[in-house]
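Chain by chain, the residues:
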Amino acid sequence: MSAQEIPAAQSGPPARSGAAAAIGWILTIGFNVVAPVLTYNMLTDRGWSEFAALLVSGAWPVVDSIVHLAWRRKVDEFAVVTLVFLVITALVTLIGAHSARALLIKDSGVTGLFGALCVATLFAPRPLMFYFGRKFGTDGTKEGVAYFNGLWRYPDFRAAMRRMTTVWGAAYLAEASLRVVLAYLLSVDTMVVVSPVLIYGVLVSLIFWTVRFSKRTQAEGQARAAALAAASGSGAAPAPA
């Protein structure tokens, strides 16, 4: 990191717009969570197949992408990922037998594919958690997104994003594998209870770890930037990182 980069690193993110953040969250949750669930439940209650109901539910993230494109002039990666998951879920429900045990195994396929997606994006220019971090760590304004994008030039930030993506991918691959094994070892009645506990237990644990890891990484980065700025101001040569 050069001395010229120190001010940019210390300046911090721009002030967040509370109104913009609130609108963004409402649209994201409404189009990607609430609307698909309500649509799916309404259609299945009316006799639609799970596959058809999931496909129709997938229209809402498309609407979210269109709204985001018109508002921000860019595609919303979170809506795209949500749409991909709805399509994957629909395909999983269509494939193979439809017994109770088979449906439990298919649920594992969805989380397992998410884990595989995380791992696959490690070979892309930017890993999946970078886009999730930008979605939930900014208010979606041009200034906030630009600041977050600018962090990518720092090696520590890139390493943190790749580590988070690796942890999420490995955790969900392990969770999916464990649920497949348990689906064969335990009764269906037991798995109906165990399966959601595993799903939400892993999710909550990952969120808790991610928050702590992000705070620790941010604090370490700020400490290094402050030390480098102090060394540069005093004319002393900074110690290697």
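These remarks concern the structure in this document. Computed from a predicted model, the values in this text were never measured in an experiment. (Residues numbered from 1 in each chain as written. Predicted model: local features only at pLDDT ≥ 70, side-chain atom pairs only at ≥ 80, totals over all residues. Heavy atoms only, no water.)

Right, let's talk about the overall build of the protein chain for a bit. Along its length, the protein chain carries 10 helices and zero strands. Its helices and strands in sequence order give the protein chain the pattern α-α-α-α-α-α-α-α-α-α, from N to C terminus. Relative to its 241 residues, the protein chain shows a buried fraction of 34%. Total accessible area on the protein chain is roughly 13500 Å²; 71% of this is exposed by carbon and sulfur atoms. (Helix = DSSP H or I, 4+ residues; strand = E, 2+ residues; numbered from the N terminus. Buried < 20%, exposed > 50% of the residue type's maximum accessible area, 1.4 Å probe, protein only. Areas by Shrake-Rupley, 256 points an atom, 1.4 Å probe, with all protein chains shown as cover.)

This structure, assessed with the given rule, holds one salt bridge. With a closest N to O distance of 2.6 Å, Arg 179 and Glu 175 form a salt bridge. Linking Arg 179 with Glu 175, this pair stays in helix H9 (residues 155-185), spanning four residues, or about one helical turn. Glu 175 carries the same exposure label as Arg 179, and that label is buried. (Salt bridge = Lys/Arg side-chain N within 4 Å of Asp/Glu carboxyl O.)

Turning our eyes to something else, we now look at the nonpolar core. Nonpolar side chains tend to gather and get buried jointly when the protein is soluble and globular. In terms of nonpolar packing, the biggest core is built from 19 residues, with Phe 114, Met 129, Phe 157 and Trp 168 touching the most fellow members. Every element with two or more residues in this core is listed here: helix H6 (100-121), helix H7 (128-137), H9 and helix H10 (188-234). (Core = buried A, V, L, I, M, F, W, Y, C linked by side-chain atoms within 4.5 Å.)

This part is about the environment of Phe 148. Within the secondary structure, Phe 148 sits in helix H8 (residues 142-150). Given a relative accessible area of 10%, Phe 148 falls into the buried group. Sequence-wise, Phe 148 and Gly 137 are 11 residues apart; in three dimensions their C-alpha atoms are separated by 8.3 Å. If we skip the residues at most four places from it in the chain, Phe 148 touches Phe 130, Gly 133, Arg 134, Thr 138 and Phe 157. (Contact = heavy atoms within 4.5 Å.)

Here the focus is the packing of aromatic side chains. Applying the stated criterion across every chain yields a total of nine aromatic pairs. Pairing Phe 130 with Tyr 131 gives two aromatic rings, centres 5.3 Å apart and planes at 85°, and the pair type is edge-to-face. On the basis of relative accessible area, Tyr 131 is assigned to the partly exposed category, the value being 26%. Between Phe 130 and Phe 157 the ring centres are 6.2 Å apart and the planes differ by 85°, which places this aromatic pair in the edge-to-face class. Here Phe 130 is found in helix H7, whereas its partner Phe 157 is found in helix H9, with 27 residues between them in sequence. (Phe/Tyr/Trp six-rings, centres within 6.5 Å; stacked < 30°, edge-to-face > 60°.)

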